[in-house]
Protein chains: 2
Amino acid sequence: MTNNLKVERAIHNMTQADLALKIGVSRQSINAMEKNKYVPSTVLALKVAKLFNKPVEDIFFLEETD
Amino acid sequence: MTNNLKVERAIHNMTQADLALKIGVSRQSINAMEKNKYVPSTVLALKVAKLFNKPVEDIFFLEETD
DNA sequence: TCTATATGTAAAGTATTCTTTACTTTTGAT
DNA sequence: ATCAAAAGTAAAGAATACTTTACATATAGA
């Protein structure tokens, strides 16, 4: 899975720390997520999507390997 | 978080085992998911949504406590 | 009623998410 | 060039997702 987090943050002019705070995870979790170090939970995905006002599918993308 | 899995399965006339197979998890995972025993990963949510042809938000729902 | 299929549940184990602390590197502004 | 903010990374630990095996219960049709 990949994601658009970095772009969305840029659009909304937010730092990783900002986003982390809003969503309720650590900054490192956001960083790792952006770097595709792990797959976040559906709750996190829904929160991010809600925050950025976009469907989950516009932010998180399945890959062949998933 | 809650979800619509049971309804979607009914619409598509699928058993828990069918769904599990299609998505690539164990039947018990589907059962537990339906019973809100845990929060699935975003990959699972995306796969389910794709299978049922609906946005993730139409199948998985945030709650106050999330 | 008998039988097959579907669902529910439990427990132990493995894998992965996410946290905390802490340090390094990058980037951008002055 | 310097400094501060932002981003990257690492490692150890806690919490939780997910598997496997196994058995119990429910549901529906012959």
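Refer to the preceding data block for the structure.
Everything quoted here is computed from the prediction, not taken from an experiment.

> Break down the relation of the copies chain B and chain A for me, with residues and values.
Screw-axis analysis of chain B against chain A gives a translation of 0.0 Å along the axis, an RMSD of 0.0 Å, and a rotation angle of 180 degrees. Both copies are brought into coincidence by an operation consistent with a two-fold rotation axis. Taken together, the interface assignments show that 100% of the residues at the interface of chain B recur at the interface of chain A, consistent with an identical surface on both copies.

> Describe the environment of Thr65 of chain A, with residues and values.
All names here are of chain A. Positionally, Thr65 belongs in the segment after strand 2 (60-61). With relative accessibility at 71%, the residue Thr65 sits in the exposed group. In this structure the C-alpha to C-alpha distance between Thr65 and Arg27, which are 38 residues apart in sequence, comes to 27 Å.

> With reference to specific residues and values, describe the protein's contact with DNA strand D.
Contacts to DNA strand D come from 20 residues, most closely from Gln16 and Arg27 of chain A together with Ser26, Ser29 and Tyr38 of chain B. When atoms of DNA strand D within 4 Å of the protein are split into backbone and base, the sugar-phosphate part holds 67%. In this structure, Arg27 of chain A approaches DNA strand D through a side-chain N or O atom, which is 2.8 Å from a base oxygen. Secondary-structure elements contributing two or more residues to the surface near DNA strand D are helix 1 (5-11) and helix 3 (27-34) of chain A together with helix 3 (27-34) of chain B.

> Give me the packing of helix 2 (residues 16-23) of chain A against helix 4 (residues 42-52) of chain A: which residues, what numbers.
Residues and elements named next belong to chain A. Taken N-terminus to C-terminus, the directions of helix 2 and helix 4 make an angle of 110 degrees; their axes are 10 Å apart at the nearest point. Looking at the two axes, helix 2 sits roughly perpendicular to helix 4. For the crossing formed where helix 2 meets helix 4, the hand is right-handed. Where helix 2 approaches helix 4, its residues Leu19, Lys22 and Ile23 are matched on the opposing element by Leu44, Lys47, Val48, Leu51 and Phe52. Among the residues forming the contact of helix 2 with helix 4, the class breakdown is 6 nonpolar, no polar and 2 charged.

> Tell me about the protein's contact with DNA strand C, and name the residues and values.
Lining the immediate surroundings of DNA strand C are 18 residues, of which Gln28 and Ser29 of chain A together with Gln16, Arg27 and Asn31 of chain B lie closest. Of all DNA strand C atoms lying within 4 Å of any protein atom, the proportion belonging to sugar or phosphate reaches 60%. For DNA strand C, a base oxygen lies 2.8 Å from a polar atom in the side chain of Arg27 of chain B. Lys35 of chain B is positioned such that a nitrogen or oxygen atom in its side chain is 3.4 Å from a phosphate oxygen of DNA strand C. Put simply, the parts of the chain that give the surface near DNA strand C at least two residues each are helix 3 of chain A together with helix 3 of chain B.

> So what's going on with the interface of chain B and chain A? Residues and values would help.
One frequently used descriptor of interface size is the decrease in accessible area upon assembly of the parts. Across the contact, 19 residues belong to chain B and 19 residues belong to chain A. Of the roughly 1400 Å² buried between chain B and chain A on both sides combined, carbon and sulfur atoms contribute 74%. Looking only at chain B, the three residues that lose the most surface to chain A are Thr42, Leu46 and Leu62 of chain B, adding up to 38% of its buried area. One can count 0 salt bridges joining chain B with chain A. One can count 8 residue pairs in polar contact (both at pLDDT 80 or more) joining chain B with chain A. Every element with two or more residues in the side of chain B that touches chain A is listed here: helix 4 (42-52) and strand 2 (60-61) of chain B. Split by residue class, the side of chain B that touches chain A holds 12 nonpolar, 2 polar and 5 charged.

Analysis parameters
- Residues numbered from 1 in each chain as written.
- Chains lettered and ligands numbered in written order.
- Predicted model: local features only at pLDDT ≥ 70, side-chain atom pairs only at ≥ 80, totals over all residues.
- Heavy atoms only, no water.
- Least-squares fit on C-alpha atoms with pLDDT ≥ 70 in both.
- Contact = heavy atoms within 4.5 Å.
- Helix = DSSP H or I, 4+ residues; strand = E, 2+ residues; numbered from the N terminus.
- Buried < 20%, exposed > 50% of the residue type's maximum accessible area, 1.4 Å probe, protein only.
- Near = heavy atom within 4 Å.
- Polar contact = N/O pair within 3.5 Å; in protein donor to acceptor, adjacent residues only side chain to side chain.
- Axes fitted to C-alpha atoms, helices over the stretch in contact; angles between N-to-C directions.
- Parallel < 35°, antiparallel > 145°, perpendicular 65-115°, else oblique.
- Left-handed = near helix turned anticlockwise from the far one by under 90°.
- Nonpolar A, V, L, I, M, F, W, Y, C, P; charged D, E, K, R; others polar.
- Buried area = accessible area lost by both parts, 1.4 Å probe.
- Salt bridge = Lys/Arg side-chain N within 4 Å of Asp/Glu carboxyl O.

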